[in-house]
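Next come the chains, spelled out residue by residue.
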Amino acid sequence: MSILRSRRARTAVVAVAAGALALAGCSDNGNSGTQGKSKSKKEAAAQSAAVKLGTAQDSTGPAAEVKGARSGGTMQVYQETDFSHLDPGQIYVSDGGLLSKLIYRGLTTYKEDAKGGLTVVGDLATDPGKASDGGKTWTYTLKSGVKDETGHVIDSADVRHTIERLYDPFITDGPSYVQQWLSGLGTTYRDAYAGPFKGKHLPDSVLSTPDDKTIVFHFENAQPDLPQALAMAGYSLVPEKTDTKAKYDTKPVAVGPYKISEFKAGKSVKLVKNANWDAATDPMRHQYVDGFDIEVNHDDEDQTKTILADRGDAKNAVMFTGQVATTQVQKVVSDAAAMKRTIQGYAPYVWQMNFNMDRLKDKKIRDAITYAMPATSVYKADGGAYGGEVANSLMSPTTPGYQKDFDPFNRSKKPNGDIAKAKQLIEEAGAKGKKIVYAYANIPVRQQQAVLIENALEKIGLDVQKKEIDSATWYEQVGKVKNGYDIYMTGWGQDWASANTVFPPLYDGKQIQDGASNYAHINDDHVNSEIQRIQQITDSAESAKAWTALNQYISEKVNPAAPIYYTKVFQIAGSNVGGLRYSTVTSYTDVTQVYLKS
């Protein structure tokens, strides 16, 4: 979830906060009054509950009304960077995921209760799916009369096309769970099928459409999480007749309550109401405002100051993936009126420093860098206590199986790094003076963190060569197998409450290829075999225990990445925005609920 990537945290999915370290001293000693009021691991644990499967009744529309909501007006959105993709099949990062909630629909989606509890329900489908053959076969029936923005009535051929087009080589950035499950071939799923654009379909034994309203998935193994996977933005519907292949990325067709009326790359995106959206078929979304004006090139500092000032269009503004800037946190939390228009949440992301294991082959060097990480300073640069907290593990507190006491690198006692221990390991490795190519994104928070990390690594005797990369293509660059870098930081969050959405994409050796998320290029026989074994466990409690044990092995025996900090979300909106709430689905403001008060 795919920020972060939800990816894939790219979940993925990116929570970034700009600013200086002005808050570093006051957010940690209790004197500022901010410490302890941000979200806690206890609240994060509540998000680790398994997603419930809803009923056909749960899947009907319209969505429950938001108390006090009214219609009309244009919502203003400030965004730091452009959307890397508009084609839903290419969406795996958080900003695109938020946009998808407004303009796309898939077979399934989530309904979220007041406490953040999730139920997966039918969206285009009449229910979250009917399983048979021990979970190897899933059948979906489409709701009647759902149309896209052109007036075309969605049928099973459109759903089949949506899945099949993901096999085409031009799709490089979206999720691949369903494709891999259908083929049973891991990341080589394209070896058996190259996509629908040459006139061929997947065999009916894999994916069948017996009539205009029925879609049947056939898997080699039980896939109990299919409803959750199909709720991801990357599996949103792409109607067959209007699919322009690679060009779809600039002019997609909407099925949700809004459609794109104007897209200026690198500048703005404007959404207006989709007249063909029918609230009676939609269990989750609303169409309160007339549209959304999304402006890019506003960093977190700019966003926070503008919305906090609450003048003009800023009164009607929300953040998508922006956050209250570090330098502005104290100003916001000390203003009672401003705090009433904020939302907070414990996001599922772990920011970790990946080691390119093709280049950093000596575990002692990897361990040394891990011990040296100034985790406290790094997370304070990303919003202080409201932006995150030190990570003890590669598992997030929101993930089933997380252990708060598992602390292989002694973060509890030395959260800002153990320079002496790290120095000793560098000397034992004979690596003093070794050049380390450190890549980071060219946004303020990453630049700031890079200075902190560079200083720590130089203290232990490494020669750090910094390489700044355009943030818009960050994951594409570090996602290359031959990327030329030794270390680089990424954020990853579960795509749903299961470690099955964390360990296979990040640590399975079969996932090493350009565009995949095994950023460390770990290829360990025990890890690979355990991932394969655990994925066959259908009991969620047993599965969680197995992932916990594998997490321990990966950290202690291999160490492909250094956990640095867990992410929290702290956003502010304009005073005229109603319906504000944190979404545990997107890890940001729930854009399907907002309205303008006047």
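Coordinates for the structure precede this section.
Residues numbered from 1 in each chain as written. Predicted model: local features only at pLDDT ≥ 70, side-chain atom pairs only at ≥ 80, totals over all residues. Heavy atoms only, no water.

Colleague: Any details on the packing of aromatic side chains? Residues and values, ideally.
Modeller: A complete count under the given rule lists 21 aromatic pairs for this structure. When the centroid spacing of 5.4 Å and the interplanar angle of 90° are considered together, the rings of Tyr-167 and Tyr-189 count as edge-to-face. Taken together, the residues Tyr-167 in the loop between α3 (156-164) and α4 (177-183) and Tyr-189 in the loop between α4 and β7 (207-211) connect sequence positions 22 residues apart. You'll find Tyr-167 and Tyr-189 in the same group, each marked buried. Look at Tyr-485 and Tyr-488: their rings are 6.3 Å apart centre to centre, the planes differ by 70°, and that puts the pair in the edge-to-face class. Linked through ring pairs, Tyr-140, Tyr-177, Trp-181, Phe-217, Phe-219 and Trp-496 together constitute an aromatic cluster. When the ring centre of Tyr-248 is taken as origin, the NZ or CZ atom of Arg-165, which lies over that ring, is 5.4 Å away. Cation over ring: Arg-446 sits above Trp-351, and NZ or CZ is 3.9 Å from the ring centre. (Phe/Tyr/Trp six-rings, centres within 6.5 Å; stacked < 30°, edge-to-face > 60°. Helix = DSSP H or I, 4+ residues; strand = E, 2+ residues; numbered from the N terminus. Buried < 20%, exposed > 50% of the residue type's maximum accessible area, 1.4 Å probe, protein only. Lys NZ or Arg CZ within 6 Å of the ring centre and 35° of its normal.)

Colleague: I'd like a rundown of the packing of helix α9 (residues 363-372) against helix α11 (residues 419-428), residues and numbers included.
Modeller: Running from amino to carboxyl end, α9 crosses α11 at an angle of 165°, the nearest separation of the two axes being 8 Å. The angle between α9 and α11 places the two elements in the roughly antiparallel class. When the axes of α9 and α11 are compared, the crossing they make is left-handed. Counted together, Lys-364, Ile-365, Asp-367, Ala-368, Tyr-371 and Ala-372 of α9 and Ile-419, Lys-421, Ala-422, Leu-425, Ile-426 and Glu-428 of α11 form the full contact between these two elements. Of the residues that constitute the contact of α9 with α11, the class distribution is eight nonpolar, no polar and four charged. (Axes fitted to C-alpha atoms, helices over the stretch in contact; angles between N-to-C directions. Parallel < 35°, antiparallel > 145°, perpendicular 65-115°, else oblique. Left-handed = near helix turned anticlockwise from the far one by under 90°. Contact = heavy atoms within 4.5 Å. Nonpolar A, V, L, I, M, F, W, Y, C, P; charged D, E, K, R; others polar.)

Colleague: Please set out the environment of Gln-536 residue by residue, giving values where relevant.
Modeller: Tracing the backbone through its elements, the reader meets Gln-536 in the loop between α15 (525-534) and α16 (540-558). Judged by its relative accessible area of 44%, Gln-536 is partly exposed. Remark: the alpha-carbon pair of Gln-536 and Ala-222, spanning 314 residues in sequence, is separated by 7.5 Å.

Colleague: Which residues make up the sheet that holds strand β11 (residues 291-295), and what are the values?
Modeller: Pairing is mixed in the open sheet, where five strands are placed in the order β9-β10-β11-β2-β12. The sheet is open, and its two borders are formed by β9 (258-264) and β12 (317-319), each paired with just one other strand. Each strand of the sheet is rotated relative to its neighbour by a mean of 25°, with strand direction disregarded. Of the strands in this sheet, β9, β10 (268-273) and β11 are in contact with helix α2 (residues 94-103), which crosses β9 at around 130°. Against the sheet, helix α6 (residues 300-309) contacts β2 (74-78) and β12, and its axis sits at roughly 145° relative to β12. (Pairing = 2+ DSSP bridges.)

Colleague: Lay out the packing of α15 against α16 with the relevant residues and their values.
Modeller: For the pair α15 and α16, interaxial distance at closest approach is 10 Å and the crossing angle is 170°. With respect to α16, the element α15 is oriented roughly antiparallel. Of α16, the residues touching α15 (which contributes His-526, Val-527, Glu-530, Ile-531, Arg-533 and Ile-534) are Ser-543, Ala-546, Trp-547, Leu-550, Tyr-553 and Ile-554. Looking at the contact of α15 with α16 residue by residue, the class counts come to eight nonpolar, two polar and two charged.

Colleague: Which residues make up the pairing of strand β18 (residues 561-572), and what are the values?
Modeller: Across the 12 residues that make up β18, a large majority, 12, are buried. Across 10 bridges, strand β13 (residues 342-355) lies against β18 in antiparallel orientation. The partner of Met-353 across the bridge, within β18, is Ala-562. Summarising the sheet, strand β14 (residues 388-390) and β18 pair through three bridges and their orientation is antiparallel.

Colleague: Any details on the sheet that holds strand β5 (residues 130-132)? Residues and values, ideally.
Modeller: Sheet strands line up and pair through hydrogen bonds in the backbone, either parallel or antiparallel. On the basis of which strands lie adjacent, the open sheet formed by four strands has the order β5-β6-β8-β7 and antiparallel pairing. On the outer flanks of this sheet lie β5 and β7, each paired with one strand and no other. Neighbour-to-neighbour, the strand axes of this sheet turn through a mean angle of 20°, independent of strand direction. Relative to strand β6 (residues 137-141), β5 runs antiparallel, the two sharing three bridges.

Colleague: Please provide a residue-by-residue account of the pairing of β10, values included.
Modeller: Successive side chains on a regular strand alternate, one facing one side of the sheet and the next facing the other. In the sheet, β9 pairs with β10 via six bridges, with the strands oriented antiparallel. Bridge pairing in β10 places Tyr-258 opposite Lys-273. Between β9 and the antiparallel strand that follows it, β10, lie three residues; Gly-266 among them carries a positive phi value of about 80°.

Colleague: Residues and numbers for the side chain of Gln-90, please.
Modeller: As for its position among the elements, Gln-90 is in the loop between β2 and α2. Residue Gln-90 is classed as buried on the basis of its relative accessible area of 6%. A distance of 3.0 Å separates a polar atom in the side chain of Gln-90 from the backbone oxygen of Phe-170. What Gln-90 contacts, discounting residues up to four positions off in sequence, is His-85, Phe-170, Ile-171, Thr-172, Asp-173 and Gly-174. (Polar contact = N/O pair within 3.5 Å; in protein donor to acceptor, adjacent residues only side chain to side chain.)

Colleague: A description of α6 should follow, citing residues and the corresponding values.
Modeller: Of all the residues in α6, the buried ones are Asp-300, Glu-301, Gln-303, Thr-304, Ile-307 and Leu-308. Buried residues along α6 cover an arc of 165° about the axis, so they all sit on one side. Contact partners of the buried residues in α6: β2, β12, α7 (329-333), α8 (336-339) and β18. The backbone nitrogen of Glu-301 has a side-chain oxygen 3.2 Å away, supplied by the residue at the start of α6, namely Asp-299. A positive phi of about 60° marks Asp-310, the residue just after α6. (Arc of directions from axis to C-beta.)

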